[in-house]
Amino acid sequence: MTNDIVDVLIIGAGASGAAMAWSLTDTRMKILCLEQGDWVKPTDYPTNGRDWESRPDFAGSPNVRCRPEDYPINDANSPIKPVNFNGVGGGTVLYMAHFPRFHPSDFRTKTLDGVGEDWPLSYGDLEPFFAENDRMMGVAGIPGDPGVPAKEGLLPPVPLGVLGETVANGFNQLDWHWWPSESAIATEAFRGRDKCLNLGPCATGCAQGAKASTDITYWPEAIRRGVELRTRCRVREITVRADGFADGVIYVDADGIAQRQKAEVVIVAGNAIGTPRLLLNSTSNLFPDGLANSSGLVGRNLMLHAMALTQGVFDKPLKGYQGPIGCSLWSKEFYETDLRRGFARGYTMEILRGSGPVAAAQMGMATGVLPWGEGHHEAFRQMFDRTAAICAVCEDLPEEHNRVTLDPELTDSDGIPAARIDYQLGDNSQKMLRHAGERCTEVLNAAGAVFVAPTITSGVVSGHAMGTTRMGRDASSSVVNEWGRSHDVKNLFIADSSMFVTSGGVNPTSTLQALSLYVADNIKARLANLFDD
Amino acid sequence: MVTLISSEIPFSPDQRQRLQELSDLMIPASEPMPGAGDSEIFAGTLETLARHQELVVQTLDRLESLEDIQSVAPDFAQVFQTAVATSYYRDDRVLEGLGLPVRAPYPEGHEVDKTDWSLLDPVRKREPFYRNVGWDTGDD
Ligand SMILES: Cc1cc2nc3c(=O)[nH]c(=O)nc-3n(C[C@H](O)[C@H](O)[C@H](O)COP(=O)(O)OP(=O)(O)OC[C@H]3O[C@@H](n4cnc5c(N)ncnc54)[C@H](O)[C@@H]3O)c2cc1C
């Protein structure tokens, strides 16, 4: 079946696809977004029910969630397990809304530290788009953080709670930097969203609608401004004309029927695992190794962030399960390079609030804090709501052998080849993880922990995929140019963190949305000669 | 909450019994707390374990004793303890025993005390320390 041609076709309605669609409405072009998942209703979220901690259909891993709209990811050969969400809002449906920006130095790692690569743009280039994105998403925090560039327009901060105050005291003892986390959470009524109720488990979705997921931020406005969003449409491949231009896609609809959709411009926003998967699935005589892959870099340079998770047990209740789990405070003490530490680049320490009893027990047993048998009940009482965790989000460097490929056997529910990831922690990351684990232990001790569990660095999950269609000026060492257009296919764009050249030491969503708005702005500015060399 | 009916549970009566014994070994009853082998809690555990049928059956087949399972079969132990914790710690009796609210987080939520931001005073005194570079392309 063939549908009417559209001017712009966006694939993926997640964090970046939503920002792109909204921004391009300025052009009054006919814009269609195809999304393989559904809308999530606020009443669907687990926090509405008593089984709020045990709903596999809202698990982060697509391999556990196993919804028909998910695609499995073979992650056996990776110590870090990817998480995502496939639906309107994408990963922001489940994200924790921790909303730091990349630092200026992140765009210059080669020049400054001799590692990674420089980006073909700067923090200054993105700054207006960071600000625009903050205005759409709504970001809570306190201005004046000496660890990051100044910004304006923040909503009141998320309160620290007992847990946050306890850990903050530890940082003060050591004279280390900390600051309340910037959080994409409405702490007061904001653009039609009600204020946060401190439900706790943001990572299974926000029933209150206070968390800025793009289904309730960008999408309502984009749709009001004329964008068509078609759900349960899974794009199987991007098709090309004889002259090498993309001419549309073939997608499988909710009934399993293949449909043809023609478009003048195709923009992929499927996230840094879904995007290379789609490009690699889009083979043709002209592009036998996958679309836009003349450099051979589609899927390569996958970065996931190395993560060091350290838990401390305190001798008092911390009320940690009350309040947004991922948004408390951060520390930039070890963010910028200091080669005396034995590695380049750095990390953010992110203090997590405690979780509910199920997650606390699972984590307690996994870390050995909670024994089986007679001592179980007493140990649980000693640890539950007395545990604070610090996750150090460590910058991992781009390495070509870390990559996304197509799995030779695994497919999604429509029979389309699924993604496989092969990922190893580099030497620099391993040194950084060791350092981070030691520092997290030190600060938890300073905060008064009576016991600190060994740091976990393997088997951790990450929703921070980046780098698999990197941007750059040279077509032999990058997939898209400095404004997001494919070097090989002049009407094909990428909108998501696949474009990232390096990974920074912070969660990526603020930066990837700013980048998407930046690409949209470039498209708008170049409409008259968009496809020129 | 438990949605599998017993004829759909992919374990034999003997396998179920061993899993139930193991559940009680893991979290024994202790007034006022039930054990994890309690029939209602165990039904929820089985539902999760059904998704790992192959691993569970293979492990039970090769194990003679349920002791030391954490060192002898760590993969299974990981799956098993996750399943037990998931079912056990959502049970009303368990939550009551721990003094926790027996309700969903929404719509009531939680009241978090206001923060005294004077805690930040020492950090406010600090000069900006991020590397202030690269605001323009090529400007370092
Ligand atoms: C549990 C969890 C916690 C997180 N916490 C944070 C946090 O605190 N802070 C932060 O910054 N980030 C966080 N993240 C990461 C954040 O969600 C991602 O960075 C962000 O969503 C990525 O945006 P994206 O547009 O690249 O992709 P996504 O948001 O993943 O959207 C991609 C969309 O494309 C669709 N799609 C893919 N392929 C196809 C196809 N072939 N056809 C049709 N549709 C397709 C998918 O269904 C999906 O909806 C978290 C993620 C998770 C899962």
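Fair warning: this is a prediction, and the values are worked out from it, not measured in the lab.

Caption draft 1: Inspection of the sheet that holds strand β3 (residues 73–77) of chain A at higher detail. Residue and element names in this part refer to chain A. Taken in spatial order, the three strands of this open sheet run β3-β15-β14, and their pairing is mixed. Taken across any chain shown, the strands that pair with only one partner, and hence form the sheet edges, are β3 and β14 (403–411). Between one strand axis and the next, the sheet turns by 35° as a mean value, whatever way the strands run. One ladder, built from three bridges, connects β3 with strand β15 (residues 417–422); its direction is parallel. Following the sheet pairing, asparagine 74 is matched in β15 by arginine 420. Of the strands in this sheet, β3, β14 and β15 touch helix α7 (residues 271–281), which is tilted by about 70° from β14.

Caption draft 2: Looking closely at the nonpolar core. Residues Trp219, Ile238 and Ile267 of chain A are the most contacted members of the largest nonpolar core, which totals 90 residues. In terms of residue count, the dominant contributor to this core is helix α11 (residues 509–525) of chain A (eight residues). In terms of nonpolar packing, the next biggest core, distinct from the first, is built from 58 residues, Ala168, Leu425 and Cys440 of chain A together with Leu120 of chain B among them.

Caption draft 3: Layout of the environment of valine 265 of chain A. All names here are of chain A. Summarising the element assignment, valine 265 is placed in strand β9 (residues 258–268). Considering only alpha carbons, one finds valine 265 and phenylalanine 245, 20 residues apart in sequence, at a separation of 9.0 Å. The contacts of valine 265, once residues within four sequence positions are left out, are Asp7, Val8, Leu9, Asn491, Phe493, Leu530 and Phe531.

Caption draft 4: Spatial organisation of the site of the ligand. All names here are of chain A. Neighbouring residues of the ligand: 34 residues in total, closest Ser16, Glu35, Gln36, His98 and Thr509. Within the backbone of alanine 15, one N or O atom sits 3.2 Å away from an oxygen atom of the ligand. Taking asparagine 507, its side chain carries an N or O atom lying 3.4 Å from a nitrogen atom of the ligand. Taking 990 Å² as the accessible area of the ligand by itself, protein coverage stands at 95%. Of all the secondary-structure elements, those providing two or more residues to the shell around the ligand are α1 (15–24), β7 (234–240) and α11. Across the shell around the ligand, the residue classes tally to 14 nonpolar, 17 polar and three charged.

Caption draft 5: Molecular detail of helix α1 (residues 13–26) of chain B. The first and last C-alpha atoms of α1 of chain B sit 20 Å apart over 14 residues, in line with the 20 Å expected at 1.5 Å per residue. Buried positions along α1 of chain B lie against α8 (357–366) and α9 (376–383) of chain A together with α2 (39–49), α3 (53–62), α4 (69–72) and α5 (74–88) of chain B.

Caption draft 6: Just the interface of chain B and chain A, in detail. Chain B puts 61 residues into the contact, and the matching count from chain A is 70 residues. Buried surface at the junction of chain B and chain A, summed over both partners, amounts to about 5500 Å²; 64% is from carbon and sulfur atoms. Seen at the junction of chain B and chain A, the total is three salt bridges. For aspartate 92 of chain B, the salt bridge identified is with arginine 50 of chain A, shortest N-O distance 2.4 Å. Our count for the contact surface shared by chain B and chain A stands at 19 residue pairs in polar contact (both at pLDDT 80 or more). The set of elements that each furnish at least two residues to the side of chain B that touches chain A consists of α1, α4, α5, α6 (92–97) and α7 (121–124) of chain B. For the side of chain B that touches chain A, the element with the highest residue contribution is α5 of chain B, accounting for seven residues. Among the residues making up the side of chain B that touches chain A, the classes are represented as 34 nonpolar, twelve polar and 15 charged.

Caption draft 7: Layout of the state of the cysteines. All names here are of chain A. Counting across every chain of the model gives zero disulfides over all chains. Here cysteine 206 is not disulfide-linked; the sulfur of cysteine 202 is the nearest cysteine sulfur, at 6.4 Å. With relative accessibility at 17%, the residue cysteine 206 sits in the buried group. The thiol of cysteine 391 is not disulfide-bonded; the next cysteine sulfur, from cysteine 394, is found 8.0 Å away. The class of cysteine 391 is buried, set by a relative accessible area of 11%.

Caption draft 8: How the structure looks around the confidence of the model for chain A. Residues at a pLDDT of 70 or more form 100% of chain A, whose mean pLDDT is 97. No element of chain A has a lower mean pLDDT than α8 of chain A, at 91, and none a higher one than α1 of chain A, at 99.

Caption draft 9: Geometry of the pairing of strand β2 (residues 31–34) of chain A. Residues and elements named next belong to chain A. Residues Ile31 and Cys33 of β2 are buried on one face, and the alternating residues Leu32 and Leu34, pointing to the opposite face, are buried as well. In the sheet, β2 pairs with strand β6 (residues 228–230) via three bridges, with the strands oriented parallel. Residue pairing in the sheet places leucine 32 in a bridge with glutamate 228 of β6.

Caption draft 10: Focus on the side chain of histidine 177 of chain A. Mapped onto the elements of the fold, histidine 177 of chain A is located in the loop between α5 (161–174) and β5 (179–180). Looking at histidine 177 of chain A, the relative accessible area reads 0%, which means it is buried. A distance of 2.7 Å separates a polar atom in the side chain of histidine 177 of chain A from a polar atom in the side chain of aspartate 145 of chain A. Apart from residues lying up to four places away in sequence, histidine 177 of chain A is in contact with Asp145, Pro146, Gly147, Phe171, Trp330, Ser331, Lys332 and Glu333 of chain A together with Val123, Arg126 and Phe129 of chain B.

Caption draft 11: Summary view of the sheet that holds strand β10 (residues 306–313) of chain A. Residue and element names in this part refer to chain A. With antiparallel pairing, the six strands of this open sheet are ordered in space as β5-β11-β12-β13-β10-β16. One side of each edge strand has no neighbouring strand; the edge strands of this open sheet are β5 and β16 (451–452). In this structure, strand β12 (residues 347–352) lies alongside strand β13 (residues 387–394), joined through six bridges in antiparallel fashion. Paired with leucine 352 across the strands is alanine 389, a residue of β13. Sitting on the sheet, helix α10 (residues 427–446) touches β10, β12, β13 and β16, and the angle it makes with β10 is about 20°.

The rules behind these values
Residues numbered from 1 in each chain as written. Chains lettered and ligands numbered in written order. Predicted model: local features only at pLDDT ≥ 70, side-chain atom pairs only at ≥ 80, totals over all residues. Heavy atoms only, no water. Pairing = 2+ DSSP bridges. Helix = DSSP H or I, 4+ residues; strand = E, 2+ residues; numbered from the N terminus. Axes fitted to C-alpha atoms, helices over the stretch in contact; angles between N-to-C directions. Contact = heavy atoms within 4.5 Å. Core = buried A, V, L, I, M, F, W, Y, C linked by side-chain atoms within 4.5 Å. Buried < 20%, exposed > 50% of the residue type's maximum accessible area, 1.4 Å probe, protein only. Near = heavy atom within 4 Å. Polar contact = N/O pair within 3.5 Å; in protein donor to acceptor, adjacent residues only side chain to side chain. Areas by Shrake-Rupley, 256 points an atom, 1.4 Å probe, with all protein chains shown as cover. Nonpolar A, V, L, I, M, F, W, Y, C, P; charged D, E, K, R; others polar. Expected span 1.5 Å × (residues − 1). Buried area = accessible area lost by both parts, 1.4 Å probe. Salt bridge = Lys/Arg side-chain N within 4 Å of Asp/Glu carboxyl O. Disulfide = S-S within 2.5 Å. pLDDT = per-residue confidence, 0-100.

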